[in-house]
Amino acid sequence: MIPLRDTIPSRTVPIVRSAILAACVGVFVLQLLAGNGGQALVDAFGFVPARLFHSGELGPGSFSLGLAGLFASMFLHGGLMHLAGNMLFLWIFGDNVEDALGHGRFLLLYVGSGVLAALLQGVLAPSSLVPMVGASGAIAGVLGAYFVLYPHARVVTLVPLFFLFPLVEVPAFLFLLLWFLLQFWQGSAALVASGKAGAAAGGVAWWAHVGGFAAGIALLALLKPRRRPAPRYWIR
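Residues numbered from 1 in each chain as written. Predicted model: local features only at pLDDT ≥ 70, side-chain atom pairs only at ≥ 80, totals over all residues. Heavy atoms only, no water.

Asks: Would you explain the pattern of salt bridges in this entry?
Replies: Inspection of the entire model under this criterion finds 2 salt bridges. A salt bridge links Arg11 to Asp99; the nearest nitrogen and oxygen atoms lie 3.3 Å apart. Of this pair, Arg11 sits in the loop between β1 (2-6) and α1 (15-34) while Asp99 sits in helix α6 (residues 80-101), and the two are 88 residues apart along the sequence. Given a relative accessible area of 35%, Arg11 falls into the partly exposed group. You can call Asp99 buried: its relative accessible area is 2%. Between Arg154 and Glu169 there is a salt bridge whose closest N-O contact spans 3.9 Å. Note that Arg154 is positioned in strand β2 (residues 154-158) and Glu169 in strand β3 (residues 167-171), a separation of 15 residues in sequence. (Salt bridge = Lys/Arg side-chain N within 4 Å of Asp/Glu carboxyl O. Helix = DSSP H or I, 4+ residues; strand = E, 2+ residues; numbered from the N terminus. Buried < 20%, exposed > 50% of the residue type's maximum accessible area, 1.4 Å probe, protein only.)

Asks: Help me out: how do you make sense of the confidence of the model for the protein chain in this one?
Replies: Parts of the prediction with low pLDDT should not have their coordinates interpreted in detail. Predicted confidence across the protein chain gives a mean pLDDT of 88, with 92% of residues reaching 70 or more. Considering each helix and strand of the protein chain separately, the mean pLDDT is smallest for helix α11 (residues 231-234), with a value of 43, and largest for helix α8 (residues 136-149), with 96. Confidence over residues 196-200 falls short of pLDDT 50; this stretch has 11 contacts with residues more than four positions distant or in other chains. Low pLDDT (under 50) marks residues 231-236, which in the prediction has 11 contacts with non-local residues, meaning those over four places away or in another chain. (pLDDT = per-residue confidence, 0-100. Contact = heavy atoms within 4.5 Å.)

Asks: How do you make sense of unusual backbone geometry when you look at a structure like this?
Replies: Generally, phi is negative for residues other than glycine and the peptide bonds are trans, each holding for most cases. Notably, Lys224 is not glycine yet its phi reads approximately 60°, a positive angle. Counting through the fold element by element, Lys224 comes out in the loop between α10 (206-223) and α11.

Asks: What exactly am I supposed to notice about α1 here?
Replies: For an α-helix the count is 3.6 residues per turn, leaving residues at separations of three or four pointing the same way. Here α1 is 20 residues long and its end C-alpha atoms lie 28 Å apart, about the 28 Å a rise of 1.5 Å per residue gives. Regarding α1, the residues found buried are Val16, Arg17, Ile20, Leu21, Cys24, Phe28 and Gln31. Viewed along the axis of α1, the buried residues span an arc of 140°, placing them on a single side of the element. With respect to the buried face of α1, the exposed residues turned more than 90 degrees away are Ile15 and Leu33. Its buried side turned inward, α1 meets α2 (39-45), α6 and α7 (103-124). Among the residues trailing α1, Gly35 stands out with phi positive, at a value near 80°. (Expected span 1.5 Å × (residues − 1). Arc of directions from axis to C-beta.)

Asks: Sorry, what's going on with the side chain of Arg51 here?
Replies: Looking at the secondary structure, you find Arg51 in helix α3 (residues 49-53). Here Arg51 sits buried without a salt bridge, and the closest side chain of opposite charge, Asp43, lies 6.5 Å off (N-O distance). Of the polar contacts made by the side chain of Arg51, one reaches the backbone oxygen of Asp43; its length is 2.7 Å. In this structure Arg51 touches Asp43, Ala44, Gly46, Leu58, Ser62, Phe63, Leu65 and Gly66, once residues within four positions along its chain are discounted. (Lys, Arg positive; Asp, Glu negative; His and termini not counted. Polar contact = N/O pair within 3.5 Å; in protein donor to acceptor, adjacent residues only side chain to side chain.)

Asks: Please explain the packing of α6 against α7 as it appears in this structure.
Replies: Helix-helix packing: each pair is described by the crossing angle between the helix axes and the interaxial distance. It is at 7 Å that the axes of α6 and α7 come closest, and there the two elements cross at 130°. As judged from the angle between their axes, α6 and α7 are oblique. Crossing angle aside, the handedness with which α6 passes α7 is right-handed. Touching Leu90, Gly94, Val97, Glu98 and Leu101 of α6 are His103, Arg105, Phe106, Leu109 and Tyr110, all from α7. (Axes fitted to C-alpha atoms, helices over the stretch in contact; angles between N-to-C directions. Parallel < 35°, antiparallel > 145°, perpendicular 65-115°, else oblique. Left-handed = near helix turned anticlockwise from the far one by under 90°.)

Right, here's the structure in full:
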């Protein structure tokens, strides 16, 4: 299922969401200009778990690079489709969460979710030297917050059915629950298949998605929304 939009209007201008989106697109342009798919930038600023958890074995500066990668990796992406998918989810769900939290607390939730998501993936593959990149963990935190704040919202979704592509309005809680369960199932399958080394060989960091979603729910409780959505925006 591909989300296209939700049905809740935002009452404030989503400044932070738009700035994050612009920053991710800008960094991706820099990756393209750097050549070789921006591999040098990925190697330097991606989150490498071994730099954080085995810094003593990798030499001076490794721990600092690991810490920097926790934050910088959120703005790097592995390709155009990776970027487009992440930005689509951020565009659809981010404005309403920012509306409920306010600009500053939304930024804290976004960055905090991204850091905790990367740490969970890193804990499961602490010796990995493969850089982890992408805003997926942070955006998963936004999805977790949306799941709590707007369970009765409707998400207009494109559903591929063979040669048909119908548009279906799906309750937000159902769409996001199915999304979360898919990430959990894929992450569990990766652990079983690779013996806790799913991220070590590259691929999708499923547990960063799971961790980010859970972190978003937890951080929402700590940050306390400045206002709850009005019921008239929930029910359609």
